[in-house]
Amino acid sequence: MTYPALATIILMPPVVLGLATVLTWVERRLLGLWQDRYGPNRVGPGGMFQAVADGTKILFKQDWIPPFADRAVFVLAPVIGMMTVLLSFAVIPVTMGVGIAGDMNVGLLFILGMMGLGVYAVVLAGWASNSKYALLGGMRAAAQMVSYEAFMGLSLLGVVMMAGSFNLHDIVAAQAGLWFIIPQCLGFGVFMLAGIAQTHRLPFDLPEGENELGAGFHTEYSGMKFGMFFIAEYAGIVLVSSLVTTLYLGGWRGPFLPPAVWFALKTGGMVVFFILLRAALPRPRYDRLMALGWKVLLPLSLFNVMATGTILMLRASL
């Protein structure tokens, strides 16, 4: 193993966790700006040390496990949530030479598999808590995440067909002349909605549903176990944004600026879009959310696959 690869393996987890921590402050500042109110403004210049203060406070919170909970599963659930997100970053190619396993032939399938395993975190958390509110949140999360995973995979088939590979490096290379967001605009829209539902962010944060469930699947969690769920959610936002950049926005490609800067700018723009949705849209009813997936997004994703296949066949026959 070369020294650059070893350095990437060592630095990737703390960088991802650091970005997720900073993103908590970025979100609160941007929400304050868009909603015409103050965000964090007391701890440090512009409240920039608020994330450090929150992390320090949660580190010293009592790590309490309810006596009625299944102790082993209760502890395991947040670990699964954190590990699946961190492992997914292993195949994200930041640039041509930066990434842990970015040249994996089944990189896209690996990410989808890790996202699928992430369902176990919220389901086990809801079940092991032995609480009705947590269980309802876990069941909601399972139904929502499993449903939208199907549409997420189908929406990406158009990209795979055009690139001819599941390798993320090959997908970026196939966007040399034209970013896939243009020919795959329908797939991009479906993938974005599925990504928002997958990370259960507003307006699709029904697994948490504080109006009726308190906090949903992590109602009974406290201390660093709650912090792991919290950080995993923000890391998931960065992951989906990085995936959108890689699959639809040309990855690290761009003129004048270094490749890593282009990747960071595109990913940062998608993260800001995620945050803007929280400030702009209300939460839909749960039955309408599921109906949107099965009655609208599923037919659209199937149509996108058929249309892409037809165009590619016609192009090959000419």
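Owing to the predicted nature of the structure, the values given are computational and were not obtained by experimental measurement.

Rules used throughout
- Residues numbered from 1 in each chain as written.
- Predicted model: local features only at pLDDT ≥ 70, side-chain atom pairs only at ≥ 80, totals over all residues.
- Heavy atoms only, no water.
- Helix = DSSP H or I, 4+ residues; strand = E, 2+ residues; numbered from the N terminus.
- Buried < 20%, exposed > 50% of the residue type's maximum accessible area, 1.4 Å probe, protein only.
- Polar contact = N/O pair within 3.5 Å; in protein donor to acceptor, adjacent residues only side chain to side chain.
- Contact = heavy atoms within 4.5 Å.
- Salt bridge = Lys/Arg side-chain N within 4 Å of Asp/Glu carboxyl O.

(A) Local environment of the side chain of Q198. Inspection of the secondary structure assignment puts Q198 in helix α7 (residues 185–198). Note on Q198: relative accessible area 6%, which makes it buried. A polar contact of 3.3 Å, which involves the side chain of Q198, links it to the backbone oxygen of M115. With near-sequence residues (within four places) excluded, Q198 lies in contact with M115, M145, E149 and M152.

(B) Looking closely at the environment of W294. Here W294 shows up in helix α11 (residues 286–317). Separated by 18 residues in the primary sequence, W294 and L312 place their C-alpha atoms 27 Å from one another. Aside from chain neighbours lying at most four places away, what touches W294 is S147, F151 and P299. A polar atom in the side chain of W294 sits 3.4 Å from the side chain of S147.

(C) Region of the structure containing the pattern of salt bridges. Evaluated as defined, the whole model comprises 6 salt bridges. A salt bridge links K225 to D63, with the nearest nitrogen and oxygen atoms 2.7 Å apart. On the criterion of sequence distance, the pair formed by K225 in helix α9 (residues 223–248) and D63 in the loop between α2 (50–59) and α3 (71–88) is long-range, its members being 162 residues apart. In this structure, the salt-bridge partner of D287 is R285, at a minimum N-O distance of 2.9 Å. By relative accessible area, which is 47% here, R285 ends up partly exposed. In this structure, a network of salt bridges that share partners links the residues E27, R201, E233 and R278.

(D) Quick peek at the environment of T308. Considering the arrangement of structural elements, one finds T308 in helix α11. Exposure remark for T308: the relative accessible area of 6% places this residue in the buried category. Measuring from C-alpha to C-alpha, the distance between T308 and M270 comes to 25 Å, with 38 residues separating the pair along the chain. The contacts of T308, once residues within four sequence positions are left out, are G158, M161, M162 and Q184.

Distances and angles like these do not, on their own, reveal function.
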